[in-house]
Amino acid sequence: MKVRRVPWVDEHVEGGESAVLVGDQVFVLSELATTILAAIGESTVELADVATVLGEAFGPPPEGSDLVAATESAVRELSDQGLLTYPL
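Residues numbered from 1 in each chain as written. Predicted model: local features only at pLDDT ≥ 70, side-chain atom pairs only at ≥ 80, totals over all residues. Heavy atoms only, no water.

Let us now look at the environment of S18. Checked against the element boundaries, S18 lands in strand β3 (residues 17–22). Using a relative accessible area of 4% as the deciding quantity, one classes S18 as buried. Through-space distance from the C-alpha of S18 to that of T85 is 19 Å; in sequence the pair is 67 residues apart. Contact partners of S18, with chain neighbours within four places excluded, come to E11, H12, V13, F27, V28, L29 and T34. (Helix = DSSP H or I, 4+ residues; strand = E, 2+ residues; numbered from the N terminus. Buried < 20%, exposed > 50% of the residue type's maximum accessible area, 1.4 Å probe, protein only. Contact = heavy atoms within 4.5 Å.)

Okay, structure coming up:
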């Protein structure tokens, strides 16, 4: 499945975290969410590619967890907040 981010007005990144202005709303994002948005960039990308970036940045998920499933959960949460379009 593919994912893309919604257009935003402005972004400020500091210390791995970020604040993103989408329309008239400001979202303060964790390092994980910031990394997801950076991995997607302005393109439409495969969820598995985002998972690969997260694995490289944060290491493997806890034992018994699936990296792609954990990535999908985080992507769905960002999609529910209006920051991403998923699934495409």
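We are not done yet, so read on.
Moving on, we come to the sheet that holds β3. Within the open sheet, the 3 strands sit side by side as β2-β3-β4. Their pairing is antiparallel. Each of the sheet's edge strands pairs with one partner strand only, and the pair in question is β2 (10–14) and β4 (25–29). Across the sheet, the mean angle separating the axes of adjacent strands is 15° when strand polarity is ignored. In terms of strand pairing, β3 meets β4 through 5 bridges, oriented antiparallel. Residue V20 lies in a different strand from β4, and its bridge partner there is F27. (Pairing = 2+ DSSP bridges. Axes fitted to C-alpha atoms, helices over the stretch in contact; angles between N-to-C directions.)

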